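# Report on the structure
Spelled out, the chains give:
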Amino acid sequence: MPNTPTTQPKRPLRLLLARPRGYCAGVERAIQIVEAALDSSDDPIYVRHEIVHNRHVVEELEAKGTIFVDEIEEVPDQAVVIFSAHGVSRTVVDETKDRGLEFLDATCPLVNKVHAETAQHTRQGRHVLLIGHAGHPEVEGTIGQVPASAITMIESVADAETVTVPDPKQLAYTTQTTLSVDDTDAIVAVLKRRFPDIAAPGKADICYATTNRQDAVKAIAPRADALLVIGAPNSSNSQRLVEVGAAHGCARAVLIERAADIDWDMLEGITSLGVTAGASAPEVLVQEVIEVLKLRFDVTIEEVTVCEENVTFSLPRTLVS
């Protein structure tokens, strides 16, 4: 199919629009913290790493005066710095305090929950197995809550089958909040079989938004000829939605950042298309995709709802007027 709207009669296309999709409460809170900080200061606001994993969001905040840096040492004296929604290690917090910098913590409260669990297990003498993806900012922040010798990464079922631990009787696991629910369940099953005394989180660490968005994809994938997941390549929860779609009946599941990334050849001959968005992707990008699809197809939209979300997180007290 050409990359321009067709002048021929439009083919019908049923658009299966997943709900919930897009922003979660933690992402909304993080963005609101940056915007509130910008409103309260005439000086630039610094953010360590991307506030959330989405270039559209980052570029909008840059246009308003936000400066994104990789490390605290890049922040000038007397400036305000914000920690991203993914969380940071204790070393980063200590470095910020040692510099005397004013800081705001935009870490998602559900990530902070994992931090607290991990630290508590360590205080109680348990070795922690952290299920997650090595190198992800959230994982680095969680690992950085405790001494390196107190925690071990588990990335796969194979890791769970082969990991050695100091004491099987003094063991716990925590997880990254944005993992595949099914993949994590498989890893946890192995850990519980090998280490029956392992301590589990009181409530699942994979966040409500990750779970709900995966459930919505599971509902539309078997009915869709193709699936577009709107999100960033470095967004863990968005990548997991692609994998969930492929695993539940939609082989043509792909990640796009926005409408310009659509591969029209992939959509040749389809009659039904699933669309969803990762937890850090704004709704404006979903609507952009829908409008572009309408230029080429006679679109009928069916919103497939698996649950309603009403979670909100409060802002730091210093930002509440």
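A short tour of the structure in this document, coming up. Computed from a predicted structure; not experimentally measured.

Rules used in this analysis
- Residues numbered from 1 in each chain as written.
- Predicted model: local features only at pLDDT ≥ 70, side-chain atom pairs only at ≥ 80, totals over all residues.
- Heavy atoms only, no water.
- Helix = DSSP H or I, 4+ residues; strand = E, 2+ residues; numbered from the N terminus.
- Rg over C-alpha atoms; globule rule 2.2 N^0.38 Å.
- Buried < 20%, exposed > 50% of the residue type's maximum accessible area, 1.4 Å probe, protein only.
- Areas by Shrake-Rupley, 256 points an atom, 1.4 Å probe, with all protein chains shown as cover.
- Lys, Arg positive; Asp, Glu negative; His and termini not counted.
- Charge placed at Lys NZ, Arg CZ, Asp CG, Glu CD.
- Salt bridge = Lys/Arg side-chain N within 4 Å of Asp/Glu carboxyl O.
- Core = buried A, V, L, I, M, F, W, Y, C linked by side-chain atoms within 4.5 Å.
- Contact = heavy atoms within 4.5 Å.
- Pairing = 2+ DSSP bridges.
- Axes fitted to C-alpha atoms, helices over the stretch in contact; angles between N-to-C directions.
- Polar contact = N/O pair within 3.5 Å; in protein donor to acceptor, adjacent residues only side chain to side chain.
- Expected span 1.5 Å × (residues − 1).
- Right-handed = clockwise from strand over helix to strand, strands pointing away.

So, on to the overall build of the chain. When its secondary structure is counted, the chain shows 10 helices and 12 strands. By the compact-globule yardstick of 20 Å for 321 residues, the chain fits well, its C-alpha radius of gyration being 21 Å. Residues counted as buried form 51% of the 321 residues belonging to the chain. Here the chain displays about 14600 Å² of accessible surface, and carbon together with sulfur accounts for 49% of that area. Each charge sign in the chain was given a centre, from 29 positive and 47 negative side chains, and these centres are 6 Å apart.

Our next topic: the pattern of salt bridges. A full pass over the atoms with the stated rule returns 21 salt bridges. For the salt bridge of Asp-197 with Lys-169, the shortest nitrogen-to-oxygen distance reads 2.9 Å. Within this pair, whereas Asp-197 is found in the loop between helix 7 (181–194) and helix 8 (208–220), its partner Lys-169 is found in the loop between helix 6 (157–162) and strand 8 (171–175), the two being separated by 28 residues in sequence. By relative accessible area, Asp-197 is classed as partly exposed at 41%.

With that out of the way, let us pick up the nonpolar core. One finds Val-34, Ile-51, Val-52, Ile-82 and Leu-104 to be the most contacted residues of the largest nonpolar core, which totals 26 residues. Mapped by element, the contributors of at least two residues to this core are helix 1 (25–39), strand 2 (45–48), helix 2 (55–63) and strand 4 (80–83). Ranked by the residues each element gives to this core, the list is headed by helix 1, at eight residues. Ile-82 has contacts with Ile-33, Val-34, Ala-37, Ile-45, Tyr-46, Val-47, Arg-48, Ile-51, Leu-104 and Ala-106, leaving out every residue within four places of it along the chain.

With that settled, the discussion passes to the environment of Glu-140. For Glu-140, the location among the structural elements is in helix 5 (residues 137–143). Note: C-alpha distance between Glu-140 and Leu-293 (153 residues apart in sequence) is 39 Å. Setting aside residues up to four positions removed in sequence, Glu-140 forms contacts with Ser-89 and Gly-135.

Pro-20 follows Arg-19 through a cis peptide bond whose omega is 10°. You can see Pro-20 is positioned in the loop between strand 1 (11–19) and helix 1. Not every positive phi belongs to a glycine, and His-49 is a case in point at roughly 70°. Relative to the helices and strands, His-49 resides in the loop between strand 2 and helix 2.

Let us now look at the sheet that holds strand 3 (residues 66–69). On the basis of which strands lie adjacent, the open sheet formed by four strands has the order 3-2-4-5 and parallel pairing. Edge strands, defined here as strands with exactly one partner in the open sheet, are strand 3 and strand 5 (102–105). Within this sheet the neighbouring strands show an average axis-to-axis angle of 30°, counted without direction. Where strand 2 lies against strand 3, four bridges are found, and the strand directions are parallel.

Attention shifts here to the side chain of His-127. Mapped onto the elements of the fold, His-127 is located in strand 6 (residues 127–131). Within polar-contact distance, the side chain of His-127 engages the backbone oxygen of Ser-149 at 3.4 Å. Of the polar contacts made by the side chain of His-127, one reaches the side chain of Thr-152; its length is 2.7 Å. Leave out the neighbours within four places in its chain, and His-127 touches Ser-149, Ala-150, Ile-151, Thr-152, Pro-166, Gln-170, Leu-171 and Ala-172.

Within the secondary structure, Val-88 is located in the loop between strand 4 and helix 3 (90–99). For the pair Val-88 and Phe-195, spaced 107 residues apart in the sequence, the C-alpha separation amounts to 30 Å.

Let's shift gears to helix 9 (residues 236–247). The end-to-end C-alpha separation of helix 9 is 16 Å, in line with the 16 Å expected for 12 residues at 1.5 Å each. Where helix 9 is concerned, the buried positions are Ser-236, Asn-237, Ser-238, Arg-240, Leu-241, Val-242, Val-244 and Gly-245. Those residues of helix 9 that are buried lie in contact with helix 8, strand 9 (226–230), strand 10 (253–256) and strand 11 (272–277). Positive backbone phi, at 110°, marks Gly-249, one or two positions downstream of helix 9.

Pairing between strand 6 and strand 7 (residues 151–154): four bridges, direction parallel. For Val-128, the partnering residue across the bridge sits in strand 7 and is Ile-151. Handedness of the crossover joining strand 6 and strand 7 through helix 5: right-handed.

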